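# Structural features, examined
Here are the chains, one letter per residue:
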Amino acid sequence: MTSTSPTRRIAILGGGIAGLSAAWTLEKARRAGHPVDFRLYEAADRLGGVINSDTVDGCVIECCPDSFPTEKPAAAALCRELGIADQLLGSNDAERKTYILVGKRLIPLPDGLMFMVPTKLLPTALTPLFSWSTKVRMAREYLFPPAAATEDESVAAMTRRHFGQQTVDRLVSPLLSGVYGGDATQLSVRAVLPRMVEMEQKYGSLSRAMLAGRRRMAEAAKQSGRKPGPPPSLFTTLRGGMRLMVDAIAALLPSGTVHLSTPIQSLAQTSGGWTLETAFGTERFDAVILALPAWVAGSLLRSVDRTLGDALSGVPYSSSITVNFGYNLDQLTMLPPGFGYLVPAIEQRRMLACTFVHAKFAGRLPPGKGMLRCFLGGAGNDQLLDESDAGLTAIAQRELSDVLGLSAPPSFVRIHRWRQSMAQYGVGHLERMQQVRASVAALPGLALAGNAYQGIGVPDCIRTGQEAAETVLRSIQTEPAAVAKR
Ligand SMILES: Cc1cc2nc3c(=O)[nH]c(=O)nc-3n(C[C@H](O)[C@H](O)[C@H](O)COP(=O)(O)OP(=O)(O)OC[C@H]3O[C@@H](n4cnc5c(N)ncnc54)[C@H](O)[C@@H]3O)c2cc1C
C-alpha cells in the first residue's frame, strides 16, 4: 500500500487477549507505514477479558489463566516483542507430579503418560489408579491394527475403545475437565486431540504410535549429534502476573484507540464497509474484527448472515470459578509434593481441581507464603455461579479439609466467576468451523478471533488475533475506503 492510499478504518470488537493481539498487530502495521486507523471496543471497564491478576500480601493471584503451554510459541514470542521477556517464568517441572483423587486417596499420574496414553510398562503396571483388567486392556491395545477413518466422535468414546471406561473416568475426564472445563463425553476428538486421530489411522495402537514418535525423536537427536538438553518447562507464566501482557499491549496502543465500557449493540454491513452501534452513536469502518465470545459474535452477525450467526451461537461454552486461598507455608506441611490434583466427575465432588501454586511456579510468591488455587464449576455445574462468596469458600474449604486434611484458616480468599467463558469444541466442531470459514470468506472486511475457533489456550487466542489482523489488512487493500463519520 502506498502512502497516498486513503486511511482505512478498522474496528476490533472485544478487548480480551485475542482482540489485544489483533490491535497490536495493526499498530505494528501502522508504525510500518500502513495507512490504518483502528479502534478497539470493550464492553467491560478494563482490558484483558478473562485474563486478570491481582496482588495480595505480596502474592500474585491469577484470577483466571495462570500460565500458557510452553510448546505453543505465540505467547512467549509476544512477551519478547512487548519487552517483558524478563518476566517469563517456567513451571518448576522438577517438582511436577499431578494426582487424581480416588475416594479420599490422591494417586499420582503414572510416569510415561503422553497425551493420556501410557508408554511405560512398569509405572502403568504398578499404579493403583487402574484395575488389573484395565491394565490388561492397555497391554492388549498395543496390538490394535491401523483403523479406517471414522466419523468424529467424543474423546471419551475414542479412549474407551482403546483403553476402557476406567481410563475415561480416572484419566481423560479429569484431565479434560482441568484443561477445557469440559465434558469428555461431549468434546470432539478431532478438534481437541487431532494427533490421536492421525496416530490411530497410521498405527492403530496409540501406545505403539507414541513409542514410535519417541524413538524417531531420539534417532533425530542422535543423527544431529545434539546432546538432548533438559526439556523446556511444560508451562510458562509471567512472574508479575499474566496481566502484564495485557498492560504491555495497552501501553503501546495510541491514545484514543481503546474505548472501554462500550459494548457493541449492533453490527451491519453497509456499502463498502461495516457500521456498528454503541450507546455513544454509530461509526463506520472498512473492516471489523470480532474478538468476542462466539455467542456474542453470533447474535451480532445474525442480521448480516443468519447461517453464520446460528453457527457461531451454536458453539457451547462452559463457566468456571476460581477460588484462591493464601496461607503461610508452615500451614501446608500436609500437602504431598507436586503441582496439585484433579477430581474425576465420578467422585461427585464440587471441586474440579486444585493447584499448589507455590510448588508449580517456584519463586513466584514471597518466601514462606503458599497458595492453593481451586477450580469449581465446569460443564453442567452452572448453579454454583449463583452461590455466595461465603458459600463457595465453605464448599472449597470443606473439600480441602476432606482431601488434604487442611483446616487452617487462609490469610486471604479471592473468588472469581467466569460465566460462559470457555468454548467447548463438541463433536462436529470442525464441520461447524468449515461452515463459519465459508460464510466469513463471503463477507469482505470481516474476521473472527478468540477461543471459539482453533484452540482455547492463550497462545492460540493470540495467534487468531494476529491472523485476523493480517486478514483484514489484506482485504482492505482491495476494498474501497469508507468515509469516517466522526
Ligand atoms: C477459568 C479459566 C482458566 C483458564 N486457564 C488457562 C490457562 O491456564 N492457560 C491458557 O493458555 N488458557 C487458559 N484459559 C483459556 C484462555 O484464558 C482463554 O481462552 C482466553 O484468554 C480467551 O481470550 P479471548 O480474547 O478469546 O476472550 P475473552 O478473554 O473472553 O475476551 C472477550 C472480550 O469481549 C468482550 N465483550 C463481550 N461482549 C462484548 C460486546 N458486545 N462489545 C464489546 N466487547 C464485548 C468481553 O468483555 C471480553 O473482554 C482459561 C480460561 C478460563 C475461563
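Use the structure listed above.
What comes next is a walk through the structure.

Calculation notes
- Residues numbered from 1 in each chain as written.
- Predicted model: local features only at pLDDT ≥ 70, side-chain atom pairs only at ≥ 80, totals over all residues.
- Heavy atoms only, no water.
- Helix = DSSP H or I, 4+ residues; strand = E, 2+ residues; numbered from the N terminus.
- Rg over C-alpha atoms; globule rule 2.2 N^0.38 Å.
- Buried < 20%, exposed > 50% of the residue type's maximum accessible area, 1.4 Å probe, protein only.
- Near = heavy atom within 4 Å.
- Polar contact = N/O pair within 3.5 Å; in protein donor to acceptor, adjacent residues only side chain to side chain.
- Areas by Shrake-Rupley, 256 points an atom, 1.4 Å probe, with all protein chains shown as cover.
- Pairing = 2+ DSSP bridges.
- Salt bridge = Lys/Arg side-chain N within 4 Å of Asp/Glu carboxyl O.
- Arc of directions from axis to C-beta.
- Contact = heavy atoms within 4.5 Å.
- Axes fitted to C-alpha atoms, helices over the stretch in contact; angles between N-to-C directions.
- Parallel < 35°, antiparallel > 145°, perpendicular 65-115°, else oblique.
- Left-handed = near helix turned anticlockwise from the far one by under 90°.
- Nonpolar A, V, L, I, M, F, W, Y, C, P; charged D, E, K, R; others polar.
- Core = buried A, V, L, I, M, F, W, Y, C linked by side-chain atoms within 4.5 Å.

With that out of the way, let us pick up the overall build of the protein chain. Counting its secondary structure elements, the protein chain contains 16 helices and 22 strands. The C-alpha radius of gyration of the protein chain comes to 24 Å, within 12% of the 23 Å expected for a compact globule of 486 residues. Overall, the C-alpha framework of the protein chain stretches about 70 × 55 × 50 Å when taken along its three principal axes. Within the span of the protein chain, comprising 486 residues, buried residues form 53% of the whole.

In this section: the site of the ligand. Residues in contact with the ligand amount to 33 residues; listed here are only the nearest, Glu42, Val50, Ser67, Ile456 and Val458. Here Ala43 contributes a backbone N or O atom positioned 3.1 Å from a nitrogen atom of the ligand. Interatomic distance of 2.9 Å between a backbone N/O atom of Val50 and an oxygen atom of the ligand. Burial of the ligand by the protein chains amounts to 88% of its free accessible area of 1000 Å². Elements represented by at least two residues in the shell around the ligand include exactly helix H1 (17-31), strand E5 (68-69), strand E21 (412-423) and helix H16 (458-476).

So, about the sheet that holds E5. With respect to topology, three strands assemble into an open sheet ordered E5-E11-E6, the strand pairing being antiparallel. If you trace the sheet from one side to the other, it starts and ends with E5 and strand E6 (88-90), each paired once. Where E5 and strand E11 (residues 235-238) come together, two bridges link them in antiparallel fashion. Considered in E11, the bridge of Phe68 is made with Thr236.

Here we take up the pattern of salt bridges. Following the criterion strictly, the structure yields 24 salt bridges and no others. Two residues, Arg31 and Glu27, come together in a salt bridge whose shortest N-O distance is 2.7 Å. Of this pair, Arg31 and Glu27 both sit in helix H1, four residues apart, roughly one helical turn. For Arg31, a relative accessible area of 49% translates into the label partly exposed.

With that settled, the discussion passes to unusual backbone geometry. The residue Ser261 is not glycine, and still its phi comes out positive at about 50°. The residue Ser261 is located in the loop between strand E12 (258-259) and strand E13 (266-270) in this model. Positive phi, close to 50°, is recorded for Gln348, a residue that is not glycine. Positionally, Gln348 belongs in the loop between strand E18 (340-342) and strand E19 (351-356).

Among all positions of helix H4 (residues 132-141), only Thr134, Lys135, Met138 and Glu141 are buried. Angular distribution of buried residues about the axis of H4 spans 115°; they occupy a single face of the element. In H4, those exposed residues whose orientation departs by more than 90 degrees from the buried face are Trp132, Ser133 and Arg140. Structurally, H4 contributes buried residues whose contacts are with strand E10 (117-118), helix H3 (121-126), helix H5 (155-163), helix H6 (165-180) and helix H9 (206-224).

To continue, consider the environment of Cys59. Note on placement: Cys59 falls in strand E4 (residues 59-62). Between the C-alpha atoms of Cys59 and Lys369, which are 310 residues apart in sequence, the distance is 7.7 Å. When neighbours within four sequence positions are excluded, Cys59 is seen to be in contact with Asp54, Leu365, Pro366, Lys369, Met371 and Phe412.

Before going further, it helps to examine the packing of H1 against H16. Packing of H1 against H16 leaves a shortest axis separation of 7 Å and a crossing angle of 45°. Relative to H16, the element H1 is oriented oblique. Remark: the crossing between H1 and H16 carries right-handed chirality. In this structure, H1 contributes Ile17, Ala18, Ser21, Ala22, Thr25, Leu26 and Ala29 to the contact, and H16 contributes Val458, Cys461, Ile462, Thr464, Gly465, Gln466, Ala469, Glu470, Val472 and Leu473. Each residue belonging to the contact of H1 with H16 can be placed in one class, and the counts come to 11 nonpolar, five polar and one charged.

Where a protein is soluble and globular, its nonpolar side chains tend to be buried together. The biggest cluster of nonpolar side chains holds 64 residues, and the ones touching the most others in it are Leu176, Leu276, Leu290, Leu301, Leu312 and Leu446. Counting residues per element, this core draws most heavily on H6, which supplies five residues. By size, the runner-up hydrophobic cluster in this structure holds 44 residues, among which are Ala74, Leu78, Ala287 and Cys461.

Here we take up the sheet that holds strand E2 (residues 36-41). The five strands are arranged E12-E2-E1-E16-E22 in an open sheet whose pairing can be described as parallel. A single partner strand is all that each edge strand has here, and the edge strands are E12 and strand E22 (446-448). With six bridges joining them, strand E1 (residues 8-13) and E2 adopt parallel strand pairing. The partner of Arg8 across the bridge, within E2, is Val36. H1 contacts E1, E2 and strand E16 (287-290) of the sheet and is inclined by roughly 165° relative to E2.

Remember that the coordinates give geometry; whether it matters functionally is a separate question.
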